[in-house]
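# Coordinate analysis (summary)
If you want the building blocks of each chain, they are given just below.
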Amino acid sequence: MKSVEVSTAQRSYKVCVGRNILGETGRFARTSAGGRRAMLVSDSHVMPLYGRKVRSSLEAAGYIVSEVTVPAGEQTKNMGELAKLLERIAEAGLGRDDVVVALGGGVVGDLAGFAAATYMRGIQVVQVPTSLLAMVDSSVGGKTAVDLAAGKNLAGAFWQPSSVVADVEALRTLSPALFRDSVGEVIKYGVMSDPELFESLERQPLDLGDFDRIGDVVLRNVRTKRDVVDADEREAGLRQTLNLGHTIGHAIEAESSYALGHGSCVAAGLCCMARACARKGLCGDETARRIDAVVAAHRLPTGTSVSPDKLYQRSLADKKRHGDQINIVVVRDIGSVEVRRVPLEEYRTYIDLGCAPL
Ligand code: GLY
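Before going into details, it helps to say that this report is about the structure given with it. A quick note: this is a predicted structure, and the numbers were derived from the prediction, not measured. (Residues numbered from 1 in each chain as written. Predicted model: local features only at pLDDT ≥ 70, side-chain atom pairs only at ≥ 80, totals over all residues. Heavy atoms only, no water.)

### Here we look at the sheet that holds strand E10 (residues 321-322)
What counts, and what does not: We treat two strands as partners when DSSP finds at least two bridges between them. The helix count covers DSSP runs of H or I at least four residues long, the strand count covers runs of E at least two residues long, and both are numbered beginning at the N terminus. Residue contacts are counted whenever heavy atoms from the two residues lie within 4.5 Å of one another. Comment: axis = line fitted to C-alpha atoms, over the contacting stretch for helices; angle = value between 0 and 180 degrees taken between N-to-C directions.
Ordered by their spatial adjacency, three strands build an open sheet running E10-E11-E12, and the pairing between neighbours is antiparallel. Each edge of the sheet is formed by a strand with only one pairing partner; in this case those strands are E10 and strand E12 (336-343). As paired elements, E10 and strand E11 (residues 325-333) share two bridges and run antiparallel to each other. Its bridge partner being in E11, His322 is matched across the sheet by Gln325. Contacts between helix H13 (residues 344-355) and the sheet are confined to E10, E11 and E12, with E12 contributing the most and set at about 130° to the helix.

What follows is the structure, encoded as structure tokens:
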């Protein structure tokens, strides 16, 4: 097992990455969060797979454990489920010093994390991500949220976990389609600031069977995210680079009514942005072509059939919009990106250029 230390103003904590470490969750919770009671939160897919193992480890560490199973899927990330979860936490008698344990993918992590952030104005949460997307992104950095009718993640809080336990063996039960989808975020990290990782993905696509390599990739991504979050916990500047590919990506995702996976949409958004940047002379054509090739090699989409008009209209509701300007992340090279605030009309030219072939 290896660990990465994250230090933010709110809290410092360890992200533990390894194989077969789910059974250590109780020990990590005990040393990082303490408390007497634990509320184990998972979904209808993950609880039957790993709930018992995590529950026994919490009990072995001396916790009185209660549990809640929420329905699997993005539609669970809403205010109604949040309210129900908070009521269950209160019924279970958790106090200020107790702990929520979020076992699952991004939906569970975001929902349970937000519940922990608001219950009694904030109790501790241990994140136990079981999907690749949650391991490399959502479980680290303290963003928690639920969706509103107006859009994704519109109500939430920055609430750092007490520790993160990422057991890559849990990915064994991830469907190949979901695994492939998650790699969209992994490719993003490479383009954003890890050329070595990008080159390794170019040489050999990431495969679900190779757990040692996946463990290394998770660790690299967590380190990258740590460096960003340590410098800019509340997304005033550098943290925005993590949104590479996300503005166009979120628009594609919303247009598909969330039927298309997040990582696939990020991959398509990333390719569009890189093509636009090449056309504008911000990066070389070769850079955009390499990104397209890596995305295609992982059987992810390099573009979208959604019209530029629709993508633009969707982007107007984006959190990254500031009046008649919007923050975008431009590609300069593999491993080098920049945040730019541009007028909406200029952003529109990025969409037009990004949607056309290079
Ligand atoms: N998922 C982007 C961030 O954590 O900032």
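This is not the end of the story, as more comes after the structure.
### Quick notes on the packing of helix H9 (residues 246-255) against helix H10 (residues 262-279)
The cut-off we apply is this: These descriptions rest on fixed angle ranges, namely under 35 degrees for roughly parallel, over 145 for roughly antiparallel, 65 to 115 for roughly perpendicular, and the rest for oblique. Each crossing gets its hand from how the near helix is turned against the far one by less than a right angle, where anticlockwise is left-handed and clockwise is right-handed.
Packing of H9 against H10 brings their axes to within 7 Å, and their N-to-C directions diverge by 130°. In terms of orientation, H9 lies oblique with respect to H10. Like other packed secondary-structure pairs, H9 and H10 cross with a definite hand, here right-handed. Counting all contacts with H9, which are made through His246, Ile248, Gly249, His250, Ile252 and Glu253, the residues of H10 involved are His262, Cys265, Val266, Ala268, Gly269, Cys272 and Met273.

### Remarks on the site of the ligand
Heads up, the rule is: We call a residue near a given molecule or strand whenever any one of its heavy atoms falls within 4 Å of it. N or O atoms within 3.5 Å of each other form a polar contact, as long as, within protein, one can give a hydrogen and the other can take it, and as long as residues adjacent in sequence are counted only when both atoms are side-chain atoms. Note that accessible areas follow from Shrake-Rupley with a 1.4 Å probe, and for residues the cover is restricted to the protein chains shown. The nonpolar class holds Ala, Val, Leu, Ile, Met, Phe, Trp, Tyr, Cys and Pro. Asp, Glu, Lys and Arg form the charged class, and all remaining residues, Gly among them, are polar.
Taken together, Asp137, Lys143, Lys225, Glu235, Arg239 and Leu242 make up the full set of residues near the ligand. Here a nitrogen atom of the ligand sits 3.0 Å away from a polar atom, N or O, in the side chain of Asp137. Between Arg239 and the ligand, the recorded distance is 2.7 Å, taken from a side-chain N or O atom to an oxygen atom. In the complex, 89% of the free accessible area of the ligand, which totals 200 Å², lies under the protein chains. Looking at the shell around the ligand, its residues break down into one nonpolar, no polar and five charged.

### Focus on the pairing of E12
Pairing of E11 with E12, which is carried by eight bridges, proceeds in the antiparallel orientation. Note that in E12 the partner of Val329 across the bridge is Val339. Between E11 and E12, which pair antiparallel one after the other, the connecting turn spans two residues, and Gly335 there sits at a positive phi close to 95°.

### Section: the sheet that holds strand E9 (residues 163-167)
Judged by pairing direction, the sheet is mixed, and its seven strands sit side by side in the order E1-E2-E9-E6-E5-E3-E4 without closing on themselves. Each of the sheet's edge strands pairs with one partner strand only, and the pair in question is strand E1 (2-7) and strand E4 (64-70). For this sheet the average axis-to-axis angle between neighbouring strands, irrespective of direction, equals 15°. Where E1 meets strand E2 (residues 12-18), six bridges bridge the pair, whose relative direction is antiparallel. Directly across from Lys2, in E2, lies its bridge partner Val17. In the packing of helix H8 (residues 211-231) onto the sheet, the strands contacted are E1 and E2, and the crossing angle to E1 comes to about 10°.

### Looking at the packing of aromatic side chains
For clarity, the cut-off: Note on aromatic contacts: the rings of Phe and Tyr and the six-membered ring of Trp form a pair at centre separations within 6.5 Å, being stacked when their planes are under 30 degrees apart, edge-to-face when over 60 apart, and tilted otherwise. Lysine and arginine charges are scored as sitting over a ring when NZ or CZ, respectively, is within 6 Å of the ring centre and within 35 degrees of the ring normal.
Following the criterion strictly, the structure yields one aromatic pair and no others. Positioned above the aromatic ring of Trp159 is the side chain of Arg11, whose terminal nitrogen or guanidinium carbon lies 5.4 Å from the ring centre. The cationic tip of Arg27 hangs over the ring face of Phe28; the distance from NZ or CZ to the ring centre is 5.2 Å.

### So, the environment of Leu82
On the secondary structure map, Leu82 appears in helix H3 (residues 79-91). As a C-alpha pair, Leu82 and Arg290 span 208 residues in sequence and 42 Å in three-dimensional space. Each residue touching Leu82, except ones within four places of it in the same chain, is listed here: Leu111, Phe114, Ala115 and Val146.

### Notes on the pattern of salt bridges
In plain terms, the rule: Salt bridge, as used here, is a side-chain nitrogen of Lys or Arg placed within 4 Å of a carboxyl oxygen of Asp or Glu. Any residue under 20% of the maximum accessible area for its type is buried, any over 50% is exposed, and the rest in between are partly exposed; the area is computed with a 1.4 Å probe on protein chains only.
Tallied over the entire structure, the rule returns 27 salt bridges. Between Glu81 and Lys84 there is a salt bridge, with the nearest N and O atoms lying 3.3 Å from each other. Separated by three residues within a single helix, Glu81 and Lys84 lie in helix H3, roughly one turn from each other. On the accessibility criterion, Glu81 (13% relative accessible area) is buried. Using a relative accessible area of 51% as the deciding quantity, one classes Lys84 as exposed. A salt bridge links Arg340 to Glu338; its shortest N-O distance comes to 3.1 Å. On the accessibility criterion, Arg340 (28% relative accessible area) is partly exposed.

### Some thoughts on unusual backbone geometry
In this model, Met120 sits at a positive phi of 50°, which is unusual for a non-glycine residue. Along the chain, Met120 falls in the loop between helix H4 (106-118) and strand E6 (124-129). At Tyr258, a residue that is not glycine, the phi angle is positive and equals roughly 65°. By secondary structure assignment, the location of Tyr258 is in the loop between H9 and H10.

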